[in-house]
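Inside the fold
As a plain string of letters, each chain reads:
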Amino acid sequence: MNTLYRPINGRIIGGVCAGLAQRFGWNPLTVRVLFLLSCLLPGPQFIAYIALWIIMPSESPARA
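Residues numbered from 1 in each chain as written. Predicted model: local features only at pLDDT ≥ 70, side-chain atom pairs only at ≥ 80, totals over all residues. Heavy atoms only, no water.

1. Considering the nonpolar core
Where a protein is soluble and globular, its nonpolar side chains tend to be buried together. Val16, Cys17, Ala21, Val31, Phe35, Tyr49 and Met56 together form the largest nonpolar core, which totals seven residues. Looking at this core, the elements that each hand over two or more residues are helix H1 (16-24) and helix H2 (28-38). For this core, the leading source of residues is H1, giving three residues. What Val31 contacts, discounting residues up to four positions off in sequence, is Cys17, Leu20, Ala21 and Trp26. (Core = buried A, V, L, I, M, F, W, Y, C linked by side-chain atoms within 4.5 Å. Buried < 20%, exposed > 50% of the residue type's maximum accessible area, 1.4 Å probe, protein only. Helix = DSSP H or I, 4+ residues; strand = E, 2+ residues; numbered from the N terminus. Contact = heavy atoms within 4.5 Å.)

See the structure below:
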């Protein structure tokens, strides 16, 4: 099972959506579109994104 981390390659802003997509085996574009669509709903989406950006470790250069 893959671990959850922010990849060095494929980042757009912080790499959170790319990391989640890599962890669950999804397409990063799909996760990004789902995140943007979720921003249309009320809720703390941006706060969750920033929290994940802080909590998720970055990929080590040896793994890249």
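2. Some words on H1
Turning to H1, its buried residues are Val16, Cys17, Ala18, Gly19 and Ala21. The inward-facing, buried residues of H1 contact H2 and helix H3 (45-55). Positioned one or two residues after H1, Gly25 has a phi angle of 75°, which is positive.

3. Some words on the state of the cysteines
Taken as a whole and assessed by the stated rule, the structure comprises zero disulfides. For Cys17, which is in no disulfide, the shortest distance to another cysteine sulfur is to Cys39 and amounts to 8.9 Å. Accessibility expressed as a relative area gives 24% for Cys39, which makes it partly exposed. (Disulfide = S-S within 2.5 Å.)

4. Quick look at the packing of H1 against H2
At a minimum axis separation of 8 Å, H1 and H2 run at an interaxial angle of 125°. Taken together, the axes of H1 and H2 lie oblique to each other. Considering only the axes of H1 and H2, their crossing is right-handed. Along the contact surface, H1 presents Cys17, Ala18, Leu20 and Ala21, while H2 presents Pro28, Val31, Arg32 and Phe35. Broken down by class, the residue content of the contact of H1 with H2 amounts to seven nonpolar, no polar and one charged. (Axes fitted to C-alpha atoms, helices over the stretch in contact; angles between N-to-C directions. Parallel < 35°, antiparallel > 145°, perpendicular 65-115°, else oblique. Left-handed = near helix turned anticlockwise from the far one by under 90°. Nonpolar A, V, L, I, M, F, W, Y, C, P; charged D, E, K, R; others polar.)

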